[in-house]
Amino acid sequence: VAAPLPLRIADFQEVLGEPTVALAKLRDLCFSGIPFDGGLRCLCWKILLNYLPLEKALWSSLLKKQRDLYSQFLKEMIIQPGIAKANLGVSREDVTLEDHPLNPNPDSRWNTYFKDNEVLLQIDKDVRRLYPDMAFFQRPTDYPCLLILDPQNEFETLRKRVEQTTLKSQTVARNRSGVTNVSSPLKTTPNSLSEYEVLPNGCEAHWEVVERILFIYAKLNPGIAYVQGMNEIVGPLYYTFATDPNSEWKEHAEADTFFCFTNLMAEIRDNFIKSLDDSQCGITYKMEKVYSTLKEKDVELYLKLQEQNIKPQFFAFRWLTLLLSQEFLLPDVIRIWDSLFADDKRFDFLLLVCCAMLTLIRDQLLEGDFTLNMRLLQ
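These numbers come from a predicted model, not from an experiment.

Colleague: Can you help me understand the overall build of the protein chain in this one?
Modeller: Helix and strand counts for the protein chain stand at 20 helices and zero strands. Here the protein chain holds 378 residues, and 46% of them are scored as buried. Intrachain contacts of the protein chain at a sequence separation of at least 6 include 71% that bridge at least 24 residues. Per element, the accessible surface of the protein chain, about 19,700 Å² overall, is 55% carbon and sulfur.

In structure tokens:
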């Protein structure tokens, strides 16, 4: 039986109050769920994801350094390309420099700009769909990014960049085909731009912050760039940090989420890399592990799924890759992640949760046929 909340909060405060946090003790406490109160969860996640060191004396200098670094990323990867774009054609010298939009050189800044736009459009599509049943991601943030939304600046935000790129691709398609019935990317998605109320100038929605985090991650990690599903990993992290009751932490939710997401991705990125699928660290191995664990725990159910030729790829791929973020409502995902992040064997616990999910519906699975069971599992 879990201790009453005030006692549990006191336990956390005691461990976090030490000059050096005892990691094993903290993991034990977090495994049973972290209270939201007083920003405890946000703090514990930052420690469990190796963003904050165990020595508390180092926290303030480290946070300052990392948050400054993130501002630098914003300047280099979002603001400067935006300024170059805004200036294009304003001054003649811009166009006559070697680097111009038609420069065929693959290293050209413009070439990179257009390539980045493909990644950006994919991220944009995915982040707009984050937790559609919750209003949170459509709401304006309490701390809009002043670097980017400064009214003095005329440069392009990612939102403008997406709109312009989409409009351009429609125009190109229209001119090529000579007819005007090209399906507009803006109309095909049910959550189209027009359905969202446009936030006034100087405001930005939470999904736009998530978009920036993912775009910068993709730029800094060209080997993996952006893979669909990463939005589902960053969503719960950002939500947790952006609702921190402690406003000093909440103000820096974007930078802190970026670094925690980067650290988490360093641990699970092999799941997103296709070429590693069949290696020991890849996703196929982990999916097989779900079945071998099930075989130990419930051989009858294991044989039934084998007999129906229901492979773990059919359902466990999403469970494992996205750390169950698609299988439960957000509050439950966050509670499960308390335990996952506290697991020092890093995500072995996830395999057990997947088995538990199967055994919970074992009676239905044992009675069902292939079609019924597939529907249940997916």
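Colleague: I keep staring at the side chain of Thr240 and nothing clicks. Help me out?
Modeller: Note that Thr240 resides in helix 11 (residues 230–242). Among the polar contacts listed, one links the side chain of Thr240 to the backbone oxygen of Pro236, at a separation of 2.7 Å.

Colleague: Explain the layout of surface pockets here, please?
Modeller: If a probe the size of a water molecule is rolled over the atoms, the empty space left behind becomes visible. Taken as a whole, the largest pocket holds about 490 Å³ of empty space. Put simply, the parts of the chain that give the lining of the largest pocket at least two residues each are helix 4 (59–87), helix 7 (146–149), helix 10 (206–220), helix 11 and helix 13 (253–268). With five residues, the single largest contributor to the lining of the largest pocket is helix 4. The residue makeup of the lining of the largest pocket, split by class, is 14 nonpolar, five polar and six charged.

Colleague: Hey, could you run me through the packing of helix 2 (residues 23–31) against helix 17 (residues 330–342) in this one?
Modeller: Helix packing geometry: the angle between the two helix axes and the distance between the axes. Viewed as axis vectors pointing N to C, helix 2 and helix 17 meet at an angle of 155°, and their least axial separation amounts to 8 Å. For the element pair helix 2 / helix 17, the angle class is roughly antiparallel. Handedness of the helix 2/helix 17 crossing: left-handed. Here helix 2 contributes Arg27, Cys30 and Phe31 to the contact with helix 17, which in turn contributes Arg335, Asp338, Ser339, Phe341 and Ala342. The residue makeup of the contact of helix 2 with helix 17, split by class, is four nonpolar, one polar and three charged.

Colleague: Before we go on, may I ask you to explain the state of the cysteines in this structure?
Modeller: Formally, a disulfide is one covalent bond, and it connects the sulfur atom of one cysteine to the sulfur atom of another. For the coordinates displayed, the defined rule picks out zero disulfides. Of all cysteine sulfurs in the structure, the one in Cys42 sits closest to Cys260, which takes part in no disulfide; the separation is 9.8 Å. Residue class for Cys260 comes out buried when judged on its relative accessible area of 0%.

Colleague: What is the right way to read the environment of Asn117 from this model?
Modeller: One can find Asn117 in helix 6 (residues 109–127). Sequence separation between Asn117 and Arg161 is 44 residues; the distance between their C-alpha atoms is 7.9 Å. Not counting residues up to four positions away in its chain, the partners in contact with Asn117 are Arg161 and Thr165. At a separation of 2.6 Å, a polar atom in the side chain of Asn117 contacts the side chain of Arg161.

Colleague: Sorry, what's going on with the packing of helix 1 (residues 5–17) against helix 2 here?
Modeller: Relative to each other, helix 1 and helix 2 sit at 155°, their axes nearing to 10 Å. Looking at the two axes, helix 1 sits roughly antiparallel to helix 2. For the pair helix 1 and helix 2, the sense of crossing is left-handed. Each of Arg8, Asp11, Phe12, Val15 and Leu16 in helix 1 lies in contact with helix 2, whose residues at this interface are Lys25, Leu26, Leu29 and Cys30. Looking at side-chain class alone, the contact of helix 1 with helix 2 contains six nonpolar, no polar and three charged residues.

Colleague: Help me out: how do you make sense of the packing of aromatic side chains in this one?
Modeller: Think of a pair of aromatic rings as described by two things: how far the centres are apart, and how the planes are tilted against each other in angle. This structure, assessed with the given rule, holds 17 aromatic pairs. Between the aromatic rings of Trp45 and Phe341, the centroid separation amounts to 5.0 Å while the plane-to-plane angle is 80°, which identifies the pairing as edge-to-face. Linking Trp45 in helix 3 (residues 40–48) with Phe341 in helix 17, this pair joins segments that are 296 residues apart in sequence. The buried category is assigned to Trp45, whose relative accessible area is 0%. Ring geometry for Phe73 versus Phe258: centroids 5.8 Å apart, planes at 65°, classification edge-to-face. With Phe73 in helix 4 and Phe258 in helix 13, this pair connects stretches of sequence that are 185 residues apart. Across this residue pair, the class does not change: Phe73 and Phe258 are buried. The positively charged end of Lys46 is found above the aromatic ring belonging to Phe241, 4.3 Å away from the centroid.

Reading the values: the criteria
Residues numbered from 1 in each chain as written. Predicted model: local features only at pLDDT ≥ 70, side-chain atom pairs only at ≥ 80, totals over all residues. Heavy atoms only, no water. Helix = DSSP H or I, 4+ residues; strand = E, 2+ residues; numbered from the N terminus. Buried < 20%, exposed > 50% of the residue type's maximum accessible area, 1.4 Å probe, protein only. Contact = heavy atoms within 4.5 Å. Areas by Shrake-Rupley, 256 points an atom, 1.4 Å probe, with all protein chains shown as cover. Polar contact = N/O pair within 3.5 Å; in protein donor to acceptor, adjacent residues only side chain to side chain. 1 Å grid on protein atoms, 1.4 Å probe; cavity = no way out; pocket = protein on both sides within 12 Å on 5 of 7 lines; lining within 4 Å. Points joined across faces, edges and corners; volume = space filled by probe spheres on them. Nonpolar A, V, L, I, M, F, W, Y, C, P; charged D, E, K, R; others polar. Axes fitted to C-alpha atoms, helices over the stretch in contact; angles between N-to-C directions. Parallel < 35°, antiparallel > 145°, perpendicular 65-115°, else oblique. Left-handed = near helix turned anticlockwise from the far one by under 90°. Disulfide = S-S within 2.5 Å. Phe/Tyr/Trp six-rings, centres within 6.5 Å; stacked < 30°, edge-to-face > 60°. Lys NZ or Arg CZ within 6 Å of the ring centre and 35° of its normal.

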